[in-house]
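Observations on the model geometry
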Amino acid sequence: MYKIGIIGLLIFNTATAQELSFKWSKKLPSKAVVNYCGAAGNAIFATQIQDSKKILLHSFDNSLLLKQQDTLILAEKNQQYLTSFSTDSQLVHVIVQNENRKQTNILFIKSSFQHPEQPSTAVAAQLKDGYMGIVYAYYSQDRSKLLLTNFSFKAATQTTIRDFIVINTAKGNVQFSGTVSYEGSSQQIGVANNGTAWFSALQVYSWKKRIAEKPKTQQKIILIRPDNTEKELTIRFENKYSPSVDILEDNNNTLYFTGFAYENDAKVNRLSASEWYIYKVDAENGLVTDSAFTSFTGLYPENKLKEEDRLPYTIKQLYKRNDGGYTILAEQYQTISGQYSTSQKYNDIACIQLQKDFRFEAAVRIPKLQYGTDNPSFISSFINDTVYIIYNDLTENLYADGDKLSYPSNKQNKNGLFLIRIDNKLTYNKQLLYDYASGEPMPQLLSSFSQNNQTVLLPAEAQIGILTIKK
């Protein structure tokens, strides 16, 4: 069965607005974005990065009243600040120290909540052979684990080599470490709540035979469990191509490897037909427990597509409904690489409903254009089978008809914070929560953290906020 969701457009609905509430801290003197680091007891910890050597430290209570301030100064030239997190009793700052071309030290600077003026510094781990000492950080969904990794690349074999460590942020120590290597271009990197790390790559296994034919590719995913055992999964479609695989996690130690596969010989101005695939994987043992492949249409306009319309989708969220089925949120995404810089496009949102066995039920596409904007994409929550999507947009797009949208302005006073509410019948309404010209904060959506479906921590310039969604 195939159907398209019903579209309802409302300017503002008082009943829906009462479901959401915002709480913001007072503005801090520094204009830097306030980044959430964690919570312990009645305290919420945050940082503001002045530069790679100076970091402002803040402690708020549950009402977001500022209680304590401090400053972290890195005096050594070979040290770079990476991130901070809180345990039950300490605030831990992760520092990258480049000793030489062959070794990078990971330092922990720890300070207790009772005696913040007496920090201790120790080498937590060593990463070798990384490119220019660059280290990347990835938190798990619940922030209980932190994956740090470097990289080096061997052009002759097109092989990427990564040293990595997984940190248990609740205990403030290294859970395990290792090295992984793979051929192809790196894509997804992450860590599960139990500590299992994953690395995926797009690999070419057959180059095109005709000018109009795309090279044949496959997705290689490597799972490394906390006991350092590896599991591999290869996703390949002989007559289709999949631009990426997205890896999501639920609250029951289940990973989902999912994405879209498109016709290999599809015309460049049409991408209306696609196949969605999913693999359920037990995060504890790395074994596939279920899989499904579903073909459907409806994610693209049926007429000839403009360039911004034919972008592939990435899967952003997977929610389980009360009836056992699934609701999926996907977003059109593309990275554009130039000679000196890269930029991103974050366009339409799709909401897809699936049955318990992953068979397709319904879909609705919500037009959106975000290109060259400094606050793209969205955050979402799922309560009582209702989807709540918060995103940044040009205020005049509230009244736009269908796909007739304007690109967002980079000027904050022309943008606003939007809410899309989608019910279990895929009827949605779009609302303007507030216009930034009013002086209300502009949250940094990609840096937000969902504590649960009802509470989201929102970083913003000189402020931190809490969004609460009532049941």
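Residues numbered from 1 in each chain as written. Predicted model: local features only at pLDDT ≥ 70, side-chain atom pairs only at ≥ 80, totals over all residues. Heavy atoms only, no water.

Observations regarding the overall build of the chain
Where we set the bar: Runs of H or I in DSSP of at least four residues are treated as helices and runs of E of at least two as strands, each being numbered from the N terminus. Radius of gyration: C-alpha atoms only; globule rule: 2.2 Å multiplied by the number of residues to the exponent 0.38. A contact between two residues is defined here by any heavy atoms of the two lying within 4.5 Å. Reported accessibility uses the Shrake-Rupley method at a 1.4 Å probe radius. Residues are deemed covered only where the shown protein chains occlude them. His is not counted, nor are the chain ends; Lys and Arg add positive charge and Asp and Glu add negative charge. Charge coordinates come from a single atom per side chain, which is NZ of Lys, CZ of Arg, CG of Asp or CD of Glu.
When you go through the chain residue by residue, the secondary structure sums to 1 helix and 34 strands. Taking 471 residues into account, the globule formula puts the C-alpha radius of gyration at 23 Å, and the chain, at 23 Å, falls close to it. Once the C-alpha set of the chain is aligned to its principal axes, its extents read approximately 65 × 60 × 45 Å. A sequence separation of at least 24 residues applies to 49% of the contacts in the chain between residues at least 6 apart. With an accessible surface of roughly 22,000 Å², the chain has 47% of that area assigned to carbon and sulfur atoms. Mean positive and mean negative side-chain charge positions of the chain (50 and 45 charges, respectively) differ by 3 Å.

Some points on the pairing of strand β29 (residues 386–394)
Formally: Working definition: with a 1.4 Å probe on protein chains only, accessible area under 20% of the residue-type maximum means buried, over 50% means exposed, and in between means partly exposed. In this analysis, strands are considered paired if DSSP registers two or more bridges between them.
Buried residues dominate β29, accounting for 9 of its 9 residues. Along β29, one buried face is formed by T386, Y388, I390, N392 and L394 and the opposite face, lined by V387, I389, Y391 and D393, is buried too. The turn joining strand β28 (residues 378–383) and β29, which pair antiparallel and follow one another in sequence, is formed by 2 residues; a positive phi near 50 degrees is taken by N384. Inspection of the sheet shows β29 paired to strand β30 (residues 415–422) by 8 bridges, in the antiparallel sense. Directly across from L394, in β30, lies its bridge partner N415.

Focus: the sheet that holds strand β16 (residues 197–206)
Keep this limit in mind: Here the axes come from fitting lines to C-alpha atoms, over the contacting stretch only for helices, and the angles between their N-to-C directions go from 0 to 180 degrees.
Ordered in space as β15-β16-β17-β18, the 4 strands form an open sheet in which the pairing is antiparallel. The sheet is open, and its two borders are formed by β15 (185–191) and β18 (230–236), each paired with just one other strand. Neighbour-to-neighbour, the strand axes of the sheet open up by a mean angle of 20 degrees, direction not taken into account. Where β15 lies against β16, 5 bridges are found, and the strand directions are antiparallel. Its bridge partner being in β16, I189 is matched across the sheet by F199.

Comments concerning the pattern of salt bridges
Our working rule: Salt bridges are defined as contacts in which a side-chain nitrogen from Lys or Arg sits within 4 Å of a carboxyl oxygen from Asp or Glu.
Inspection of the entire model under this criterion finds 12 salt bridges. Between R321 and E361 there is a salt bridge; the shortest N-O distance is 3.1 Å. Linking R321 in the loop between β24 (313–320) and β25 (326–337) with E361 in strand β27 (residues 360–366), this pair joins segments that are 40 residues apart in sequence. This pair shows no difference in class: R321 is buried, exactly as E361 is. Several salt bridges share partner residues, and in doing so they unite K316, E331 and K368 into one network.

Looking at the nonpolar core
Put simply, the rule reads: Buried Ala, Val, Leu, Ile, Met, Phe, Trp, Tyr and Cys residues that are joined via side-chain atoms within 4.5 Å together make up what is termed a nonpolar core.
L20, I389, I390 and I422 are the most contacted members of the largest nonpolar core, which has 37 residues in total. In contact with I390, other than residues within four places in its own chain, are L20, F378, I379, L417, F418, L419, L433, L445 and L467. If you look at the next biggest cluster of nonpolar residues, it comprises 23 residues, including Y300, I315, A350 and F358.

Remarks on the side chain of T87
The following threshold applies: Nitrogen and oxygen atoms within 3.5 Å of one another constitute a polar contact, given that in protein one can donate a hydrogen and the other can accept it, and given that sequence-neighbouring residues count only through two side-chain atoms.
Inspection of the secondary structure assignment puts T87 in the loop between β6 (79–86) and β7 (90–100). Reaching out from T87, the side chain makes a polar contact with the backbone nitrogen of S89 at a distance of 3.2 Å. Those residues within four positions of T87 in sequence are excluded, and the remaining contacts are A40, V92, F113, T169, A170, K171 and G172.

So, the packing of aromatic side chains
Going by this rule: Aromatic rings from Phe, Tyr and Trp, with only the six-membered ring used for Trp, were paired whenever their centres fell within 6.5 Å, and each pair was classed as stacked if the ring planes differed by under 30 degrees, edge-to-face if by over 60, and tilted otherwise.
Taken as a whole, this structure holds 21 aromatic pairs when the rule is applied. When the centroid spacing of 6.3 Å and the interplanar angle of 85 degrees are considered together, the rings of F85 and F108 count as edge-to-face. Of this pair, F85 sits in strand β6 while F108 sits in strand β8 (residues 103–112); the two residues are 23 residues apart in sequence, bridging distant segments of the chain. F108 shares its class with F85; the two are buried. Ring centres 6.2 Å apart and planes at 55 degrees place the aromatic pair F260 and Y313 in the tilted group. Here F260 is found in strand β21 (residues 254–263), whereas its partner Y313 is found in strand β24, with 53 residues between them in sequence. Taking the relative accessible area as the measure of exposure, F260 reaches 1% and is therefore buried. Relative accessible area serves as the criterion here: at 2%, Y313 is assigned to the buried category. A connected cluster of aromatic rings, assembled from ring pairs, spans F237, Y277, Y279 and F293.

Things to note about the sheet that holds strand β5 (residues 66–73)
The strand order across the open sheet built from 4 strands is β2-β3-β4-β5, with neighbouring strands paired in antiparallel fashion. Two strands bound the open sheet, and with one partner strand each, they are β2 (35–40) and β5. This sheet shows a mean twist of 20 degrees between the axes of neighbouring strands, independent of strand direction. Pairing of strand β4 (residues 54–61) with β5 involves 7 bridges; the strand directions are antiparallel. When the sheet's bridge partners are listed, I55 is paired in β5 with L72.

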